[in-house]
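# Chains, contacts and geometry: an overview
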Amino acid sequence: MSEPHHSQNSEESGHLHYIVTEDLCPLIHHWAEKKGFIAPNPNWFGRNHQLLRTALDNVLNSGDRVVIVDSLPHRYITGTIHPFLNRLLGREIEFRSIISIDNSYLPENNFDTLSLEITRGVDAYGNDLGKIARPYCLSVQDQIEAFRKERSGINNDVVVVDDGIWTGGTIKMAIDALRYRGFNVVKVVVGVHIKNRGKVINLGIPVNHLFSVQTYEDDNRPVLDWLCERDFFPGVPFGGRTVIDKELQSFFFPEDRKTIGAFYPENKTWLKDWASINDSMNSFAAFCFSRSIALFEEIELLSGKKVLVRDLDRIPLFMAQQRPNSLESVVKIIKKKLEVIN
């Protein structure tokens, strides 16, 4: 997700929009299936999202400012994007010509997509390192070159899919890298497109080649910020920003391919700078940690076994810094962190 530039143009609407894309349920279900756990049913995640909306309402609406939390369900976004891509196949693009930047919105298996592994990296202090290839992956250029070699005999027209556009930096990086390798990007398809006047990068494609499920513009739906659910709950796959720290990373076995995530509630400054949340009393951070505990406790109850550090794909930064034993309980570690917050 791109770096926020917060719109304050709420004079006409009377309020700002705070967008939350609901991706917690599919990410946890995929993780649970892979790791041999049982994930909560969709109703559990629906209730959790309702609680998140209430917590956001409480922390965002202060003074005269009015903020409306908009929920964009995962099924709504994919249910719109996937049929659109199906219509493109055989007309504007050939099979195996779809490139996805966000793993949670990968199209169905029959699309045979390339997952282009790009992430926003930070150091162990949360300082921005820019957009880079995910840990354990080839460079962005090498990923694309490998994709090009696999598509022998197929023309170079491709479609790029992502969760959304804020400044457009990530998609611009992908498009430029694809063009460098001889690809022609005929469509960009996203879940959310936020148009802040004068702040969106020129992607170098015609306006009618960009398709979005939901579009927000300064003049009618001014946006305060846009976040993914996964960023709020420590321990969730792909949550937070990717921490690049060789010393910390070397503590975990490389073959496990674990990444370290700087989850937003871990730090007041991150909540403010990355999520537009002023959490002076730590009430919102405490909510996020308590719901992570509730999530993993529910998984343990359904699965009949503990969730251990070794089971996580994404280690929260605060947890990684403790150099935990791989057999330690995730719930126990998060509970200790919650005690410190409270």
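As a further point, take the pattern of salt bridges. Summed over all chains, the structure comprises 12 salt bridges. Here R120 makes a salt bridge to D128, at a shortest N to O gap of 3.2 Å. Of the charged contacts, one joins E145 and R181 as a salt bridge, the two residues approaching to 3.3 Å between their closest N and O atoms. Placement of the pair is E145 in helix α4 (residues 140–150) and R181 in the loop between α5 (169–180) and β8 (184–195), with a sequence separation of 36 residues. By relative accessible area, which is 14% here, E145 ends up buried. Each of D23, D102 and R230 takes part in salt bridges that share partners, so that together they form one network.

Within the open sheet, the 5 strands sit side by side as β6-β5-β11-β12-β13. Their pairing is mixed. What marks the edges here is a single partner per strand, and that holds for β6 (128–133) and β13 (314–316). Here the average twist between neighbouring strands, direction ignored, is 45°. For strand β5 (residues 118–122) and strand β11 (residues 241–243), the ladder comprises 2 bridges, and the chain directions are parallel. In the strand pairing of β11, G121 is matched with T242.

Turning next to the nonpolar core. The biggest cluster of nonpolar side chains holds 59 residues, and the ones touching the most others in it are Y18, L56, F232, I277 and F284. In terms of residue count, the dominant contributor to this core is helix α8 (residues 283–303) (10 residues). Not counting residues up to four positions away in its chain, the partners in contact with I277 are Y18, L56, V59, L60, F232, K268, L271, K272 and F284. Ranked by size, the runner-up nonpolar core spans 22 residues in total, among them V160, A174, F183 and V190.

Viewed as axis vectors pointing N to C, helix α1 (residues 24–35) and helix α2 (residues 42–60) meet at an angle of 140°, and their least axial separation amounts to 10 Å. What the angle tells us is that α1 and α2 run oblique. Relative to α2, α1 is oriented so that their crossing is right-handed. Contact residues: α1 offers L24, C25, I28 and H29, while α2 offers P42, F45 and N48. Along the lines of polarity and charge, the residues of the contact of α1 with α2 split into 5 nonpolar, 2 polar and no charged.

What follows deals with the pairing of β5. Burial within β5 is extensive, with 5 of its 5 residues counted as buried. Neither face of β5 is exposed, since I118, R120 and V122 on one face and T119 and G121 on the opposite face are all buried. Pairing geometry for β5 and β6, over 5 bridges, is antiparallel. Note that in β6 the partner of G121 across the bridge is G130. In sequence, β5 turns back onto β6 through a hairpin of 5 residues, with G126 there showing a positive phi of about 90°.

In the structure shown here, the tally under the stated rule is 2 cavities of 30 Å³ or more. In this structure, the second largest cavity encloses a volume near 30 Å³. Lining the second largest cavity, in full, are D102, N103, S104, R134, R230 and F238.

Below, the discussion takes up the packing of aromatic side chains. Centre distance and the angle of the planes are the two values used to describe a pair of aromatic rings. Per the counting criterion, the structure on display carries 10 aromatic pairs. A ring pair is formed by W31 and F37, whose centres lie 5.2 Å apart and whose planes are at 10°; its orientation type is stacked. As far as the burial class goes, W31 and F37 line up, both buried. Judged by centre distance (5.4 Å) and plane angle (85°), the rings of F232 and F284 are edge-to-face. Residue F232 is located in the loop between β10 (223–228) and β11, and its partner F284 is located in helix α8; the two are separated by 52 residues in the primary sequence. There is no split in this pair, since F232 and F284 are both buried. Members of the aromatic cluster, each reached through a chain of ring pairs, are W31, F37 and F296. In this structure, R221 is placed above the aromatic ring of Y216, and the distance from its NZ or CZ to the ring centre is 3.9 Å. Taking the ring centre of F37 as reference, the NZ or CZ of K305 above it sits at 4.5 Å.

What counts, and at which threshold
- Residues numbered from 1 in each chain as written.
- Predicted model: local features only at pLDDT ≥ 70, side-chain atom pairs only at ≥ 80, totals over all residues.
- Heavy atoms only, no water.
- Salt bridge = Lys/Arg side-chain N within 4 Å of Asp/Glu carboxyl O.
- Helix = DSSP H or I, 4+ residues; strand = E, 2+ residues; numbered from the N terminus.
- Buried < 20%, exposed > 50% of the residue type's maximum accessible area, 1.4 Å probe, protein only.
- Pairing = 2+ DSSP bridges.
- Axes fitted to C-alpha atoms, helices over the stretch in contact; angles between N-to-C directions.
- Core = buried A, V, L, I, M, F, W, Y, C linked by side-chain atoms within 4.5 Å.
- Contact = heavy atoms within 4.5 Å.
- Parallel < 35°, antiparallel > 145°, perpendicular 65-115°, else oblique.
- Left-handed = near helix turned anticlockwise from the far one by under 90°.
- Nonpolar A, V, L, I, M, F, W, Y, C, P; charged D, E, K, R; others polar.
- 1 Å grid on protein atoms, 1.4 Å probe; cavity = no way out; pocket = protein on both sides within 12 Å on 5 of 7 lines; lining within 4 Å.
- Points joined across faces, edges and corners; volume = space filled by probe spheres on them.
- Phe/Tyr/Trp six-rings, centres within 6.5 Å; stacked < 30°, edge-to-face > 60°.
- Lys NZ or Arg CZ within 6 Å of the ring centre and 35° of its normal.

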